[in-house]
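Now for the letters of each chain:
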Amino acid sequence: MSFRKMFAGLLALLGALLLVACHSAKSNPSQTADYQKLTVGKSDNRIHLVYQDDKVTKVKSTTTELYSAIHANSADAAKQLMEQKGASKYDGIKGVEHKIDYKDDRLVETVMVDCNKVDLNANAAILGLVAPNNAKVNHISFQQSDQSIKSQGYTVIKDGQYQELN
C-alpha cells in the first residue's frame, strides 16, 4: 500500500464521516469504539472514537506501514518519502496532533483530532470532512461514522483484541 493510499484511506475515513447539525442534550458518559483494517504483510489501520450520545469528541487514527509496502528500505528513506507526500499538513492546526515514529522495519503514524478544540469548518478540507449541502459543521455523528467505517472494511474490535501486523 502506497503512502498515497494510506493518506487516501485516512481522508476517505474522515471524508465519509457525515456531519450533522444538532445532537441530544442529555448528558451520557463518554463511550469508545475501536476498529481495525489489517492488510497482512503491508499495513495495520486502527481507528479509535470517543463519543457521547451521537457526538464524536475525539478521533485517533493509527496507521502502521511496513517500509517494504511503501517501497522504502530504511527509516531515512521512509521519512523522506513521507515529507515529500505532505506529512506536515497537520502541523499548526489547533486540536490536531500528528506524529510519525520510524521503527526498524515500519513507520507508525498517529493522527489525533480533538473535535471540541479543532475548528471543523476551517479545517474541513485538510481533515477530509464533508457536510451535507456544504452546511456548517457542528459535530461528527457517531452513528454515521460507525456505518461508514464498517463499510470501508474495518472490523469492530472488542476488549483490545487487535490482530498484529507481522
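All values derive from a computational prediction rather than experimental measurement.

J.: Provide a residue-level description of the nonpolar core, including the pertinent values.
T.: Counting 24 residues, the largest nonpolar core has Y35, L49, V56, V96, V113 and L127 as the members making the most contacts within it. When residues of this core are assigned to their parent elements, the largest contribution, three residues, is made by strand β3 (residues 43-52). Among all residues touching V96, those that are not within four sequence positions of it are Y90, V111, M112, V113, V118 and L127.

J.: Which residues make up the pairing of strand β6 (residues 106-114), and what values go with them?
T.: Successive residues of a regular strand alternate their side chains across the two faces of the sheet. Most of β6 is tucked away: eight of the nine residues are buried. Sheet analysis places strand β4 (residues 55-66) next to β6, joined by nine bridges and oriented antiparallel. Bridge pairing links E65 to L107 in β6. The sheet contact formed by strand β5 (residues 96-102) and β6 spans seven bridges and is antiparallel. Looking at the pairing, K99 lines up with T110 of β6. Between β5 and β6, which pair antiparallel one after the other, the connecting turn spans three residues.

J.: Got a sec to walk through the environment of V108? Specific residues and values, please.
T.: When you line up the elements, V108 lands in strand β6. A C-alpha to C-alpha distance of 9.7 Å links V108 and S43, two positions 65 residues apart in sequence.

Calculation notes
- Residues numbered from 1 in each chain as written.
- Predicted model: local features only at pLDDT ≥ 70, side-chain atom pairs only at ≥ 80, totals over all residues.
- Heavy atoms only, no water.
- Core = buried A, V, L, I, M, F, W, Y, C linked by side-chain atoms within 4.5 Å.
- Buried < 20%, exposed > 50% of the residue type's maximum accessible area, 1.4 Å probe, protein only.
- Helix = DSSP H or I, 4+ residues; strand = E, 2+ residues; numbered from the N terminus.
- Contact = heavy atoms within 4.5 Å.
- Pairing = 2+ DSSP bridges.

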